[in-house]
Amino acid sequence: MLIFAKDFALLGTDYAIRHSLSRLCKDGAIVRLSPGIYLYPKLDGDGEVILPTVNEIMAQIMRRDKAKIVPTGLYALNALGLSTQVPMRLVFLTDGAARVLKIGKLQIKLQKTVAKNLSYRSDVCCLAVFALKEIGKGKATEEELQKIYIALSHENSDIITHDALLAPNWISTILLHYLRTRK
């Protein structure tokens with residue numbers, strides 16, 4: 001579970017809260033992930049701290065900020081199995097505050113965007129759209145398209161249609177072609 005320094009805003013000054021959290025870190029009661037973001041540590045069998053996944057971190061930030069967040073670029077490629085690279089710089093689009101989080105060597109950039117980019121009904125369609133944007137217009141291989149089609153195979157046709165109409169025309173064409181040829 002993540003703890004945010006802002007969770008304690010009503011209990012004291014910013015300085016007092018940060019000082020208290022710093023003391024708790026020194027005592028090992030909590031672990032500092034990033035400025036203002038802390039974690040109750042869970043330990044594995046070797047006594048090492050188990051860090052939350054990027055998805056878990058982003059879900060808690062989303063809940064705290066009451067914001068929508070969608071992954072883009074290399075993260076979308078990796079999530080769909082189109083790349084084995086584990087990106088160390090991630091970009092998420094949001095309607096919340098724009099900022100950069102550094103968690104160890106990982107950098108997460110939250111970038112403001114228009115509402116249209118946050119209106120996808122399907123997480124898989126959203127990943128497909130941003131993965132295709134990362135690959136580039138006309139550059140997706142047949143193998144990459146097949147992996148995207150497999151990921152979409154469990155999605156409802158109406159939802160894919162809705163999401164395809166939000167995407168750029170060239171991506172919309174790919175998604176609608178999938179629907180027409182779907183078995």
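Notes on the structure follow. (Residues numbered from 1 in each chain as written. Predicted model: local features only at pLDDT ≥ 70, side-chain atom pairs only at ≥ 80, totals over all residues. Heavy atoms only, no water.)

**Examining the pairing of strand β2 (residues 31–34)**
In this structure, β2 lies alongside strand β3 (residues 37–39), joined through 3 bridges in antiparallel fashion. Residue pairing across strands places R32 opposite Y38, the latter belonging to β3. Where β2 folds back on β3, the antiparallel hairpin that results is connected by 2 residues, among which G36 adopts a positive phi of roughly 85°. (Pairing = 2+ DSSP bridges. Helix = DSSP H or I, 4+ residues; strand = E, 2+ residues; numbered from the N terminus.)

**What about helix α7 (residues 169–181)?**
If you check α7, its first and last C-alpha atoms are 18 Å apart, about what 13 residues at 1.5 Å a residue would give, namely 18 Å. Turning to α7, the residues buried within the fold contact α4 (123–135), α5 (142–152) and α6 (157–166). (Expected span 1.5 Å × (residues − 1). Contact = heavy atoms within 4.5 Å.)

**Regarding the sheet that holds β2**
In space, the 3 strands of this open sheet follow the order β1-β3-β2, with antiparallel pairing throughout. Both edges of this open sheet fall to β1 (2–4) and β2, since each of them pairs with a single strand only. Recorded for the sheet is a direction-independent mean angle of 35° between the axes of neighbouring strands. (Axes fitted to C-alpha atoms, helices over the stretch in contact; angles between N-to-C directions.)

**Notes on the environment of I61**
As for its position among the elements, I61 is in helix α2 (residues 54–65). Once you skip the residues sitting within four places of it in the chain, I61 turns out to touch F4, I37, I69, R99, L101 and L110.

**Quick word on the side chain of S172**
Relative to the helices and strands, S172 is located in helix α7. The class for S172 is buried, based on a relative accessible area of 9%. Not counting chain neighbours up to four residues away, the residues in contact with S172 comprise A164, L165 and A167. (Buried < 20%, exposed > 50% of the residue type's maximum accessible area, 1.4 Å probe, protein only.)

**Considering the layout of surface pockets**
The volume enclosed by the largest pocket comes to roughly 420 Å³. Listed by contribution, the elements that provide at least two residues to the lining of the largest pocket are α2, β4 (69–71), α3 (73–79) and α4. The leading source of residues in the lining of the largest pocket is α2, at 4 residues. Its residues assigned to classes, the lining of the largest pocket comprises 13 nonpolar, 1 polar and 2 charged. As for the second largest pocket, its lining consists of 18 residues, of which A5, K6, R18, G36 and R64 are closest to the centre. When residues of the lining of the second largest pocket are traced back to their parent elements, those giving at least two are α1 (14–26), α2 and β6 (99–103). (1 Å grid on protein atoms, 1.4 Å probe; cavity = no way out; pocket = protein on both sides within 12 Å on 5 of 7 lines; lining within 4 Å. Points joined across faces, edges and corners; volume = space filled by probe spheres on them. Nonpolar A, V, L, I, M, F, W, Y, C, P; charged D, E, K, R; others polar.)

**Structural notes on the pattern of salt bridges**
With the rule as written, the count across this model stands at 3 salt bridges. D65 is the partner of R64 in a salt bridge, and the nearest nitrogen-oxygen pair spans 2.7 Å. A salt bridge links R99 to D65, with the nearest nitrogen and oxygen atoms 2.6 Å apart. In this pair, R99 sits in strand β6 while D65 sits in helix α2, placing the two residues 34 residues apart along the sequence. One salt-bridge network, held together by shared partners, links R64, D65 and R99. (Salt bridge = Lys/Arg side-chain N within 4 Å of Asp/Glu carboxyl O.)

**Focus: the sheet that holds β4**
Ordered in space as β4-β5-β7-β6, the 4 strands form an open sheet in which the pairing is mixed. The open sheet has two free edges, formed respectively by β4 and β6, since each of these has just one partner strand. Averaged over all pairs of adjacent strands, the angle between strand axes in this sheet comes to 25°, irrespective of strand direction. Relative to strand β7 (residues 106–112), strand β5 (residues 89–94) runs parallel, the two being bridged by 6 bridges. By the bridge assignment, F92 is partnered in β7 with L110.

**What about the packing of α4 against α7?**
For any two helices packed against each other, one specifies the inter-axial angle together with the distance between the axes. Between α4 and α7, the shortest axis-to-axis distance is 10 Å and the interhelical angle comes to 125°. Overall, the two elements α4 and α7 adopt an arrangement that is oblique. Viewed along their axes, α4 and α7 form a crossing whose handedness is right-handed. Facing α4, whose interface residues are V129, L132 and K133, α7 presents W170, I171, I174 and L175. Tallied by class, the residues present in the contact of α4 with α7 amount to 6 nonpolar, no polar and 1 charged. (Parallel < 35°, antiparallel > 145°, perpendicular 65-115°, else oblique. Left-handed = near helix turned anticlockwise from the far one by under 90°.)

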